[in-house]
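Here is how the chains run, residue by residue.
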Protein chains: 2
Amino acid sequence: MRKETRLIIALDVLDAKRAVEIAEATASRCDAFKVNYPLVLSEGLGIVDTLGRFGDVLCDFKVADIPATNRLIVEQTFDHGASGIIVHGFPGRDSLEACLEAAQGDVFVVTAMSHPGAERFLLPQAQQMAQLAVEVGAAGIIAGATRPAVLHELRERIGSLLILSPGVGVQGGSPTEALRQGADYLIVGRSITQSGNPPKAADEILSQIQGADAMV
Amino acid sequence: MRKETRLIIALDVLDAKRAVEIAEATASRCDAFKVNYPLVLSEGLGIVDTLGRFGDVLCDFKVADIPATNRLIVEQTFDHGASGIIVHGFPGRDSLEACLEAAQGDVFVVTAMSHPGAERFLLPQAQQMAQLAVEVGAAGIIAGATRPAVLHELRERIGSLLILSPGVGVQGGSPTEALRQGADYLIVGRSITQSGNPPKAADEILSQIQGADAMV
């Protein structure tokens, strides 16, 4: 995955036609597209091949099963041309290692999610899951922009691993703050996909990213 | 979901034709079929409609995302005729409540998984996740047969909620012991699907279930 714009656009729509329209209109403004299960369940895994024509595709499948099942999910995902996949760390080391073994591209491990419910079970274990991501050789972690202090602590722990940060925009996280605390990429969905003008909405995020870069 | 045989067959195959063959041959021997993402990614969510012709279908999607995404996954799953869905409790109450709100059938919450890696992050929280399942009004929980003592403790905590127990057979759990500790249903996959004679393999499990019932 290149690192030019530092923006990953989450194609959080259910319709292939709309996903392709947005991908085509914003391809030059982002480093990758993220797709999740609602779109794939609606349109089939072939949508990953289709979107791959416009840029790198990161499959946000939050893979969280036993090792044998994880392996099959990850294999199929990369067979359809994905560049990366997002998996959960909480099912433990063997489940995570199965993902790494099956991957033909980058594996990103969820540590801190961006929603309120994450505080109960996930956040108290975020640092340990980040450490596990380092140990198994993941490409990076997912850490929500809604909790900049957690993001900062994770940055300290994971060395050269990448941080992809969702939760900007509709969920309330600040792009500037997330980048300042160590995010490598921002993942932005609804602010762009639900806008009447996705390229313009992307440009607004990009100008905030450039502003944050200038401050560093 | 009826409770006659107490057997749920996990159709852990990648091919629709094979899934249908097994479903057709074993429909009278189980209370439901479980499908997971490898089959659905390979064949599309329409496989749930297809298998629904042979019995109740439980979608083991281990749903583990933010509330907005969980809702979309659960909606689509029931739109294809699923009878139930398996979701993770780990992402917290709001994510779980989104599943319950969107469901048009039973929601089962993963508490104790059956693989070794579950010991790190999941098992220490299993009781709390079971409690959460009770509070949000889930139909039941998933608790692996590989750890009968944990299963027993969960049974004590969840009142009338159902326990579905995977991990029997290839993963090493004992059907008799799982039922004795409080499992309502056994989920059996590879011992049946990878057998040369799935109905016969199912019959062998059923005779163990009947033996366990006789002992109680």
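Residues numbered from 1 in each chain as written. Chains lettered and ligands numbered in written order. Predicted model: local features only at pLDDT ≥ 70, side-chain atom pairs only at ≥ 80, totals over all residues. Heavy atoms only, no water.

(A) Looking closely at helix 5 (residues 93–102) of chain A. Among the residues of helix 5 of chain A, D94, S95, L96, A98, C99 and A102 of chain A are the ones counted as buried. Its buried side turned inward, helix 5 of chain A meets strand 3 (57–63), helix 4 (67–79), strand 4 (84–88), strand 5 (106–112) and helix 7 (126–136) of chain A. (Buried < 20%, exposed > 50% of the residue type's maximum accessible area, 1.4 Å probe, protein only. Helix = DSSP H or I, 4+ residues; strand = E, 2+ residues; numbered from the N terminus. Contact = heavy atoms within 4.5 Å.)

(B) Representation of empty space enclosed by the protein. This model, assessed by the stated rule, comprises three cavities of 30 Å³ or more. Its boundaries defined by the atoms lining it, the largest cavity holds a volume of some 140 Å³. What lines the largest cavity is a set of 18 residues, among which Y37, F61 and K62 of chain A together with Y37 and F61 of chain B lie closest to the centre. Counting residues per element, the ones that place at least two in the lining of the largest cavity are strand 3 and helix 4 of chain A together with strand 3 (56–63) of chain B. Among the residues making up the lining of the largest cavity, the classes are represented as 10 nonpolar, two polar and six charged. Of the voids in this model, the second largest cavity is the one considered here, and its volume is about 40 Å³. Elements that contribute at least two residues to the lining of the second largest cavity include exactly helix 2 (37–43) of chain A together with helix 2 (37–43) of chain B. Per-class residue counts for the lining of the second largest cavity are six nonpolar, two polar and no charged. (1 Å grid on protein atoms, 1.4 Å probe; cavity = no way out; pocket = protein on both sides within 12 Å on 5 of 7 lines; lining within 4 Å. Points joined across faces, edges and corners; volume = space filled by probe spheres on them. Nonpolar A, V, L, I, M, F, W, Y, C, P; charged D, E, K, R; others polar.)

(C) Summary view of the relation of the copies chain A and chain B. Superposing chain A onto chain B requires a rotation of 180° together with a translation of 0.0 Å along the rotation axis, leaving an RMSD of 0.0 Å. Expressed as a symmetry operation, the mapping of one chain copy onto the other fits a two-fold axis. The position closest to the rotation axis in chain A is occupied by the C-alpha of G44 of chain A, lying 2.8 Å away. A symmetric contact is evident, with 100% of the interface residues of chain A recurring at the interface of chain B. (Least-squares fit on C-alpha atoms with pLDDT ≥ 70 in both.)

(D) Broad picture of the sheet that holds strand 7 (residues 162–165) of chain B. Residue and element names in this part refer to chain B. The sheet built from eight strands closes into a barrel, its strands ordered 1-2-3-4-5-6-7-8 with parallel pairing. For this sheet, the mean angle separating the axes of adjacent strands, direction not counted, is 30°. Bridge count for strand 1 (residues 7–10) against strand 2 (residues 32–36) is three bridges, and the pairing is parallel. Bridge pairing in strand 2 links A10 to K34. (Pairing = 2+ DSSP bridges. Axes fitted to C-alpha atoms, helices over the stretch in contact; angles between N-to-C directions.)

(E) Quick look at the packing of aromatic side chains. Enumeration over the complete set of coordinates arrives at five aromatic pairs over all chains. A ring pair is formed by F90 of chain A and F90 of chain B, whose centres lie 3.9 Å apart and whose planes are at 10°; its orientation type is stacked. Of this pair, F90 of chain A sits in the loop between strand 4 and helix 5 while F90 of chain B sits in the loop between strand 4 (84–88) and helix 5 (93–102), placing the two residues on different chains. Grouping residues by exposure puts F90 of chain A and F90 of chain B together as buried. What links up through ring pairs into an aromatic cluster is the set Y37 and F61 of chain A together with Y37 and F61 of chain B. (Phe/Tyr/Trp six-rings, centres within 6.5 Å; stacked < 30°, edge-to-face > 60°.)

(F) Fine view of the environment of A149 of chain A. All names here are of chain A. Summarising the element assignment, A149 is placed in helix 8 (residues 148–157). Given the relative accessible area of 53%, A149 is considered exposed. Distance in space between the C-alpha atoms of A149 and P199 is 31 Å, their sequence separation being 50 residues.

(G) Quick peek at the sheet that holds strand 2 (residues 32–36) of chain A. All names here are of chain A. A barrel is described by the order of its strands in space; here eight strands give the closed sequence 1-2-3-4-5-6-7-8, paired in parallel fashion. Strand after strand, the sheet turns through a mean of 30° between neighbouring axes, direction not considered. Where strand 2 meets strand 3, four bridges bridge the pair, whose relative direction is parallel. The residue of strand 3 that forms the bridge with N36 is D60.

(H) Focus on the pattern of salt bridges. Residue and element names in this part refer to chain A. Evaluated as defined, the whole model comprises 32 salt bridges over all chains. A salt bridge links D203 to R29, with the shortest nitrogen-to-oxygen separation between them at 2.9 Å. Here D203, found in helix 11 (residues 198–215), pairs with R29, found in the loop between helix 1 (16–26) and strand 2; they are 174 residues apart in sequence, far enough to count as distant. Assessed through its relative accessible area of 34%, D203 is described here as partly exposed. (Salt bridge = Lys/Arg side-chain N within 4 Å of Asp/Glu carboxyl O.)

(I) The arrangement of the side chain of R147 of chain B in detail. Residue and element names in this part refer to chain B. Of note, R147 is situated in the loop between strand 6 (140–143) and helix 8 (148–157). R147 sits in the buried class, given a relative accessible area of 14%. Apart from the residues lying within four places of it in its own chain, the contact partners of R147 are M113, S114, H115, P116, A118, E119 and L123.

(J) Geometry of the pairing of strand 5 of chain A. Residue and element names in this part refer to chain A. A large share of strand 5 lies buried, amounting to six of its seven residues. As paired strands, strand 4 and strand 5 are joined by five bridges and run parallel to one another. Residue G84 lies in a different strand from strand 5, and its bridge partner there is D106. Assessed by its sense of winding, the connection that carries the chain from strand 4 through helix 5 to strand 5 is right-handed. (Right-handed = clockwise from strand over helix to strand, strands pointing away.)

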